[in-house]
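The lines below spell out each chain.
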Amino acid sequence: MVDVAEKEMDNPTFRSDTVLSDVHLHCPSKRHLMVRLNAVGQPVFLSYFKLLWSTEDLTSGKHVREIPTGREHQCRSGDVLCDKDRSNIKEEGELNSEGVEALLDDDGDLEVVRRPRSAADLESEDLLRDIVCPVILMKGKEDAFEDEEQECTCSDVVKIEHTMATPLEDVGKQVWRAAFLLADYILFNRDTFRCCSVLELGGGTGITSIIMGTVAKRVYCTDVGEDLLAMCEQNIALNKHLMEPGGGEVKVKELDWLKDEFCTDPEAPYSWSEEEIADLLDHCSVIMAADVFYDDDLTDALFRTLYRITHNLRNSCTVYLALEKRLNFTLRHMDVTCEAYSHFRNTLSDLETLQDGKMKYTVEPIKLDFCQFLVYERIEQL
């Protein structure tokens, strides 16, 4: 956990009340650009997240090009290697018992022979994530992005403004792995979501809604806090060109899980109109949320909101929930636990067993054997 002070950006200080997403320090962008200070004085950065497809691939229906990502050059289905990885193993040779003995030194220890680095390995270095430090820019220096924009084409990057470190109540201003995982699933199942009307709960920086906006007809990206919603709206504007080919639209709206009604105050900047509420209830067929299960009270509030909205939808709806199981050692249990995830699972079970005469919920896990479309670290806890 890191708290980055405004005047000492190059000397982060560690505090117990702040949270840092390692996506920002281990992301495919070559640098982070500090672009401004938000309304509450937090430094806002711009990062480029690499896509493994282009706008042309999406509109033409071509197969997405597959390139190595993350820690290893393999496409994973659980712990099973793809055929291309098996062929690589065969090319390197399989050791029999005699071959193993030949690799033992005088003391009987195994001497591991490193495979010489090939040209392909060197070329793939650009795809691996390096720990990067932020480049601090003066506020308002728009021309500072020219060099960076020349290095990446518009069709294969998502540009996201975000903060580096925040208090727990502002974690929506950061980017989290589960948002990438859900984005992968959307891109892998483009036909499923094509022309749908979608609601995202806890949209944060808006990256998942932006990806959904490349295939869906309309996406309502919701969260709370004018500062956060303004950041989300800015990110949607930065990536509008990705959604234009498919005609998708993303609307940023306020939706507070602790309240029973939509915000319809015309004075509020991200309120709902009566027409938008009617459109949502009449046409929404997909609801999604990514990495919003970290506080038990908010988890309870989210499921109450889910029930209230789905109860009023005209048609049946599919809800996609993505999260990262964060393991922590607690003195209370004297063991490594994941209490937030356990509470989520219990609440999900309660929803599935709910019987009110009208609604019926079915819970199905999704196998993580779909391809990776964004460059990030897909860990086992997702």
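Residues numbered from 1 in each chain as written. Predicted model: local features only at pLDDT ≥ 70, side-chain atom pairs only at ≥ 80, totals over all residues. Heavy atoms only, no water.

Undergrad: Where do I start with the overall build of the protein in this structure?
TA: Scanning the protein for helices and strands turns up 14 helices and 13 strands. Going through the 382 residues of the protein one by one, you find that 45% of them count as buried. Working note: accessible area of the protein is about 21,200 Å², and carbon and sulfur atoms make up 49% of it. (Helix = DSSP H or I, 4+ residues; strand = E, 2+ residues; numbered from the N terminus. Buried < 20%, exposed > 50% of the residue type's maximum accessible area, 1.4 Å probe, protein only. Areas by Shrake-Rupley, 256 points an atom, 1.4 Å probe, with all protein chains shown as cover.)

Undergrad: Any chance you could explain the side chain of Asp-279 here in plain terms?
TA: Topologically, Asp-279 is positioned in helix 12 (residues 274-283). Engagement of the side chain of Asp-279 in a polar contact is seen with the side chain of Arg-218, the distance being 3.4 Å. A polar contact is formed between the side chain of Asp-279 and the side chain of Tyr-220, at a distance of 2.6 Å. In this view, Asp-279 contacts Ser-197, Arg-218, Tyr-220 and Cys-284; residues no more than four positions away in its chain are not counted. (Polar contact = N/O pair within 3.5 Å; in protein donor to acceptor, adjacent residues only side chain to side chain. Contact = heavy atoms within 4.5 Å.)

Undergrad: Explain the nonpolar core here, please?
TA: Nonpolar side chains in soluble globular proteins generally cluster together in the buried interior. Within the largest apolar cluster, 47 residues are counted, with the highest numbers of intra-cluster contacts made by Phe-180, Ile-186, Phe-193, Val-198, Ile-207, Met-212 and Met-288. It is helix 7 (residues 177-188) that contributes the most residues to this core, nine residues altogether. Excluding residues within four positions of it along the chain, Phe-180 makes contact with Val-23, Phe-49, Val-175, Ile-207, Leu-374 and Tyr-376. One finds Leu-199, Leu-255, Ile-277 and Leu-281 within the second-largest nonpolar core, a separate group that totals 27 residues. (Core = buried A, V, L, I, M, F, W, Y, C linked by side-chain atoms within 4.5 Å.)

Undergrad: Teacher, can you tell me more about unusual backbone geometry here?
TA: Generally, phi is negative for residues other than glycine and the peptide bonds are trans, each holding for most cases. For Cys-195, which is not glycine, the phi dihedral falls at a positive 65°. A positive phi is found at Asp-291, a non-glycine position, where the angle reads about 55°. Mapped onto the fold, Asp-291 is located in the loop between strand 10 (284-290) and helix 13 (296-312). A relative accessible area of 10% places Asp-291 in the buried class.

Undergrad: Looking at this structure, I do not really get helix 14 (residues 339-352). What am I missing?
TA: Given 3.6 residues to a turn, an α-helix orients residues that are three or four positions apart in the same direction. Helix length check: helix 14, at 14 residues, gives a terminal C-alpha distance of 20 Å against a target of 20 Å (1.5 Å per residue), a fit within 8%. Among the residues of helix 14, Phe-344, Thr-347, Leu-348 and Leu-351 are the ones counted as buried. Buried residues along helix 14 cover an arc of 105° about the axis, so they all sit on one side. The inward-facing, buried residues of helix 14 contact helix 13 and strand 11 (318-322). (Expected span 1.5 Å × (residues − 1). Arc of directions from axis to C-beta.)

Undergrad: Looking at this structure, I do not really get helix 10 (residues 226-238). What am I missing?
TA: The end-to-end C-alpha distance of helix 10, which contains 13 residues, comes to 18 Å, matching closely the 18 Å that a straight helix rising 1.5 Å per residue would cover. Three or more residues of helix 10 are buried, namely Leu-228, Leu-229, Met-231, Cys-232, Asn-235 and Ile-236. Around the axis of helix 10, the buried residues are gathered within 155° of arc, so they sit on the same side. Away from its buried face by more than 90 degrees, helix 10 exposes Glu-226 and Ala-237.

Undergrad: What should I look at first to understand the packing of aromatic side chains in this one?
TA: Each aromatic ring pair is characterised by the separation of its centres together with the angle its planes make. For the structure shown, the criterion picks out 15 aromatic pairs. Seen in terms of ring centroids, Phe-193 and Tyr-320 are 5.3 Å apart; in terms of plane orientation they differ by 70°. Their pairing is edge-to-face. Pair noted here: Phe-193 is in helix 8 (residues 190-193) and Tyr-320 is in strand 11, with a separation of 127 residues, a long-range link. Residue Phe-193 is classed as buried on the basis of its relative accessible area of 1%. Geometrically, the ring pair formed by Tyr-307 and Tyr-361 is tilted, given 6.5 Å between the ring centres and 45° between the ring planes. Here Tyr-307, found in helix 13, pairs with Tyr-361, found in the segment after helix 14; they are 54 residues apart in sequence, far enough to count as distant. The rings of Tyr-185, Phe-188, Phe-193, Tyr-320, Phe-370 and Phe-373 are connected pair by pair, giving a single aromatic cluster. Here Arg-308 stacks its cationic end above the ring of Phe-262, 5.6 Å away from the centre of that ring. (Phe/Tyr/Trp six-rings, centres within 6.5 Å; stacked < 30°, edge-to-face > 60°. Lys NZ or Arg CZ within 6 Å of the ring centre and 35° of its normal.)

Undergrad: How do you make sense of the confidence of the model for the protein when you look at a structure like this?
TA: For any part of a model where pLDDT is low, the fine detail of the predicted coordinates should not be relied upon. Overall, the predicted model of the protein reaches an average pLDDT of 77, with 65% of residues at or above 70. Contacts for the low-pLDDT stretch residues 63-100, under 50 throughout, to residues beyond four places or in other chains number 46 contacts. (pLDDT = per-residue confidence, 0-100.)

Undergrad: Whenever I open this one, the sheet that holds strand 10 confuses me. Can you help?
TA: Note on sheets: strands pair through backbone hydrogen bonds, and any given pair is parallel or antiparallel. In spatial order, the strands read 9-8-7-10-11; together these five strands make up an open sheet with parallel pairing. The sheet is open, and its two borders are formed by strand 9 (249-254) and strand 11, each paired with just one other strand. Averaged over all pairs of adjacent strands, the angle between strand axes in this sheet comes to 20°, irrespective of strand direction. The sheet strands contacting helix 10 are strand 8 (218-223) and strand 9, and the helix crosses strand 9 at an angle near 175°. (Pairing = 2+ DSSP bridges. Axes fitted to C-alpha atoms, helices over the stretch in contact; angles between N-to-C directions.)

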